[in-house]
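Geometric and topological summary
This is what each chain is made of:
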Amino acid sequence: MVDKNNRLTTSSGAPVGDNQNSITAGKRGPTLIQDVHLLEKLAHFDRERIPERVVHAKGAGAFGYFEVTNDEISKYTKADFLNEKGKRTPMFARFSTVAGEQGSADTLRDPRGFALKFYTEEGNYDLVGNNTPIFFIRDAVKFPDFIHTQKRNPQTNLKDKNMVWDFWSNSPESLHQVTYLHGDRGIPATYRHMNGYGSHTYKWVNEEGEAFWVKYHFVSDQGVKGMDESVADEIAGTNPDYHTEDLFNSIDKGDYPSWTLYVQIIPYNDFKDYEWDIFDVTKTVSKEDYPRIEVGKMVLNRNPENYFAEVEQAALSPAHVVPGIEASPDKMLQGRLFSYSDTQRYRLGVNHEQLPVNRPVNEQNNYQRGGYMQYGDHGSNINYEPNSYDDAPKEDPDSKVQSFDVEGEVLQAPYPNADHYTQAGDLYRLMSADEKDRLIEAVVGHLGQCTMEEVKKRQIGHFYKADPEYGQRVADGLGMEVPEDVKK
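If you're wondering where the values come from, they're calculated on a predicted model, not measured in any experiment. (Residues numbered from 1 in each chain as written. Predicted model: local features only at pLDDT ≥ 70, side-chain atom pairs only at ≥ 80, totals over all residues. Heavy atoms only, no water.)

1. Examining the overall build of the protein
Counting its regular elements, the protein contains 13 helices and 12 strands. Expected size for 488 residues packed as a compact globule is a radius of gyration near 23 Å; at 23 Å, the protein falls within 12% of this value. The principal-axis extents of the C-alpha atoms in the protein amount to approximately 75 × 60 × 45 Å. Buried positions account for 55% of the 488 residues belonging to the protein. When the accessible surface of the protein is summed, it comes to about 22,500 Å², and 49% of that surface belongs to carbon and sulfur atoms. For the protein, the separation between the mean place of its 54 positive charges and that of its 77 negative charges on side chains is 3 Å. (Helix = DSSP H or I, 4+ residues; strand = E, 2+ residues; numbered from the N terminus. Rg over C-alpha atoms; globule rule 2.2 N^0.38 Å. Buried < 20%, exposed > 50% of the residue type's maximum accessible area, 1.4 Å probe, protein only. Areas by Shrake-Rupley, 256 points an atom, 1.4 Å probe, with all protein chains shown as cover. Lys, Arg positive; Asp, Glu negative; His and termini not counted. Charge placed at Lys NZ, Arg CZ, Asp CG, Glu CD.)

Here it is as structure tokens:
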């Protein structure tokens, strides 16, 4: 029984019964808008800081194009920009660190944002991913709490390793990403030498109405290269804009970076029986089970003319989709569909889509009016729909979202599979002996800065459950013992 004077509450004082799981239609979702606690947390979180982005504040951007290289992709999606080999679509890419502020160093150990905006003929399509195929948490209701631990202590205004590891050790689903982050790809050599992933599972729909689940993999044509932590620390002190400078200079001298896009296509009904929940963003889907299929190539060949106008004011959101591409019931994705656009409405204003970097190449036809910084010329046009005017925009039934089944009862529950250890252990076991040495060194160096013994013991237990050697080596490095109850 929780003391009534110490209960977690909403802003209106109502007690919160579950702060770990959002309200979904069945265990797999999707998330319901009636989850007012989730919406309140995300809406407040989106407005915590001005004017920089709450997360991904430090970044670099460039323009280029995406060219389809596979004539067969239209079998899986009716998305117009993917409908034929050789088709080119202009695009914008923004790479970023996650936790750091605008003035932070580029070379910190942190996931990198990998955010893409495709200016298609049917509207903008944004794929907002990371350089990791997984994430720390799998439900958006935990996202504000997670980012708080990555930011600054509210009293000292310093980064706090106790906060970081306390959250991770109390959220074992983070173990896979924690292992990935402390491995050789945890600090990329440059933005050009890292892969990009959609992370979430998305849904593709073809012209016949057939649906598929899809995972995105952007593989760097420059190769994947990491940076040694000692080198990264030195560069952080001498050139904190190292990655930003490298990207700009590379494009400026005509050395255009490129990535090849592959997708994993998963038949629609396979999600029901696959060994891992494909909507759980802390898990990967095996390439042996679903081989990667080449789609096309992304090339960045133009630097921005003005950083503020074209990079700082760029507003990307996974809610920006086009016909043929739809959301899945992934709980993290469901929260991001709301939160990303909402934070841009707060940061840039409700009319941020009219800014040149965000404006689609096709006509914007809607009945949204007024608001701050409205400069669209609507004249005396009517401002409602349905209407009886032939020359006014009308809904297009062919663009409706494809229907899909959801589970029955409404509840707050985690994903059915609670195995947070197998894939993290598999990742460890895939590493070479040298890679394992560097991983252990990074984990021990980071976790060793935590002063809370119970947190370190709990985290060692997670490593041990993933792989006994993994846990034992971390414990030895910290001069500690693996908890006996974990060994049983």
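2. Describing the packing of aromatic side chains
In total, this model carries 31 aromatic pairs according to the counting rule given. Ring geometry for Phe66 against Phe118: centres 5.7 Å apart, planes inclined by 90 degrees, an arrangement best described as edge-to-face. Placement of Phe66 in strand β2 (residues 59–68) and of Phe118 in strand β4 (residues 112–120) is noted, with a sequence separation of 52 residues between them. On the accessibility criterion, Phe118 (2% relative accessible area) is buried. Their ring planes at 50 degrees and their centres at 5.1 Å tell us that Phe95 and Phe114 sit as a pair that is tilted. (Phe/Tyr/Trp six-rings, centres within 6.5 Å; stacked < 30°, edge-to-face > 60°.)

3. Some remarks on the pairing of strand β10 (residues 292–302)
With 6 bridges connecting them, β2 and β10 associate as antiparallel partners. Paired with Gly64 across the two strands is Leu300, which belongs to β10. Across 7 bridges, strand β9 (residues 258–267) lies against β10 in antiparallel orientation. Bridge pairing links Val263 to Ile293 in β10. (Pairing = 2+ DSSP bridges.)

4. Brief notes about the environment of Glu67
Counting through the fold element by element, Glu67 comes out in strand β2. Once the C-alpha coordinates of Glu67 and Arg88 are considered, the two residues, 21 residues apart in sequence, prove to be 4.4 Å apart. Sequence-distant contacts of Glu67, defined by excluding residues within four places in its chain, comprise Gly86, Lys87, Arg88, Gly296 and Lys297. A distance of 2.8 Å separates polar atoms of two side chains, one belonging to Glu67 and the other to Arg88. (Contact = heavy atoms within 4.5 Å. Polar contact = N/O pair within 3.5 Å; in protein donor to acceptor, adjacent residues only side chain to side chain.)

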